[in-house]
Amino acid sequence: MPEKILTNINWGRWLISSLVFAVLAQIVHTVGAMVSMKYYLDPQYFAVWSKLMMPEAGPPPTSFMYYSFIFSFIGALIFTGLYIFLRNKIFGEVSKTKSGLFYGAMYFLAAVIPYSLTMVLLINLPAGLLICWAAESVIVYLLGGMLAAVINK
């Protein structure tokens, strides 16, 4: 069975859809960071940010953008790979747009909601920032689901 799964994958489409997803995520999260910049500039939260993001007070170094994109691409490979694996098993004959939206919504509900609730318990971050991150994620996953569906037809 695993051999059949691997032979039914169009590797080029998977990589392209992952790359497009990562670019989309980078754009949405960059805009989101601009909108919620007050949280990042609040000295009360400086100790929370990683040394990759803020090695010192001030804007993140260029290397942070590179790491961010690489991490987004890894997440995109997982997101689109899971869509490719599930598309015929769950979505059947539903339109590509609907199947992508449904997949993005399912992914959001399964990943972002539990993650956000865990963040409230573990890290002292303002609720407004967590809501911004969740809003960014719902945009990325809904649009990313549609992109994955259209590119991996």
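Definitions and cut-offs
Residues numbered from 1 in each chain as written. Predicted model: local features only at pLDDT ≥ 70, side-chain atom pairs only at ≥ 80, totals over all residues. Heavy atoms only, no water. Helix = DSSP H or I, 4+ residues; strand = E, 2+ residues; numbered from the N terminus. Polar contact = N/O pair within 3.5 Å; in protein donor to acceptor, adjacent residues only side chain to side chain. Contact = heavy atoms within 4.5 Å. Core = buried A, V, L, I, M, F, W, Y, C linked by side-chain atoms within 4.5 Å. Buried < 20%, exposed > 50% of the residue type's maximum accessible area, 1.4 Å probe, protein only. Axes fitted to C-alpha atoms, helices over the stretch in contact; angles between N-to-C directions. Parallel < 35°, antiparallel > 145°, perpendicular 65-115°, else oblique. Left-handed = near helix turned anticlockwise from the far one by under 90°. Nonpolar A, V, L, I, M, F, W, Y, C, P; charged D, E, K, R; others polar. Phe/Tyr/Trp six-rings, centres within 6.5 Å; stacked < 30°, edge-to-face > 60°. Lys NZ or Arg CZ within 6 Å of the ring centre and 35° of its normal.

Draft legend 1. Local environment of the side chain of Ser 18. Mapped onto the fold, Ser 18 is located in helix α2 (residues 11-35). Of note is the side chain of Ser 18, whose polar atom sits 3.4 Å from the backbone oxygen of Ala 76. Here Ser 18 is in contact with Phe 73, Ala 76, Leu 77 and Thr 80, once residues within four sequence places are set aside.

Draft legend 2. Inspection of the nonpolar core at higher detail. One finds Phe 21, Phe 79, Tyr 83, Tyr 103, Val 140 and Tyr 141 to be the most contacted residues of the largest nonpolar core, which totals 19 residues. Going through the elements one at a time, α2, α4 (62-91), α5 (96-122) and α6 (127-151) are the ones with two or more residues in this core. For Tyr 141, the residues in contact, after removing those within four places along its chain, are Phe 21, Phe 79, Gly 104, Tyr 107, Phe 108 and Val 112. Grouped together as the second largest cluster of nonpolar side chains are 11 residues, Tyr 39, Tyr 40, Met 54 and Leu 129 included.

Draft legend 3. A look at the packing of α4 against α5. Close contact between α4 and α5 brings their axes to 11 Å; oriented N to C, the two are set at 120 degrees. With respect to each other, α4 and α5 are oriented oblique. The handedness of the crossing between α4 and α5 is right-handed. Across the interface between the two elements, Ile 78, Phe 79, Leu 82, Tyr 83, Leu 86, Ile 90 and Phe 91 from α4 touch Ser 99, Phe 102, Tyr 103, Gly 104, Met 106 and Tyr 107 from α5. Of the residues belonging to the contact of α4 with α5, the class tally is 11 nonpolar, 2 polar and no charged.

Draft legend 4. Representation of the environment of Pro 61. Assignment of secondary structure puts Pro 61 in the loop between α3 (37-41) and α4. Residue Pro 61 is classed as partly exposed on the basis of its relative accessible area, which comes to 27%. Pro 61 has contacts with Leu 52, Met 53 and Pro 55, leaving out every residue within four places of it along the chain.

Draft legend 5. Region of the structure containing the packing of aromatic side chains. Applying the stated criterion to the full structure yields 12 aromatic pairs. Ring geometry for Tyr 107 and Tyr 141: centres 4.9 Å apart, planes at 55 degrees, overall tilted. Pair noted here: Tyr 107 is in helix α5 and Tyr 141 is in helix α6, with a separation of 34 residues, a long-range link. Both residues of the pair, Tyr 107 and Tyr 141, count as buried. Put simply, the rings of Phe 21, Phe 79, Tyr 83, Tyr 103, Tyr 107 and Tyr 141 touch in pairs and so form one group of aromatic residues. Cation over ring: Lys 89 sits above Phe 85, and NZ or CZ is 4.6 Å from the ring centre.

Taken by themselves, the reported measurements are silent on function.
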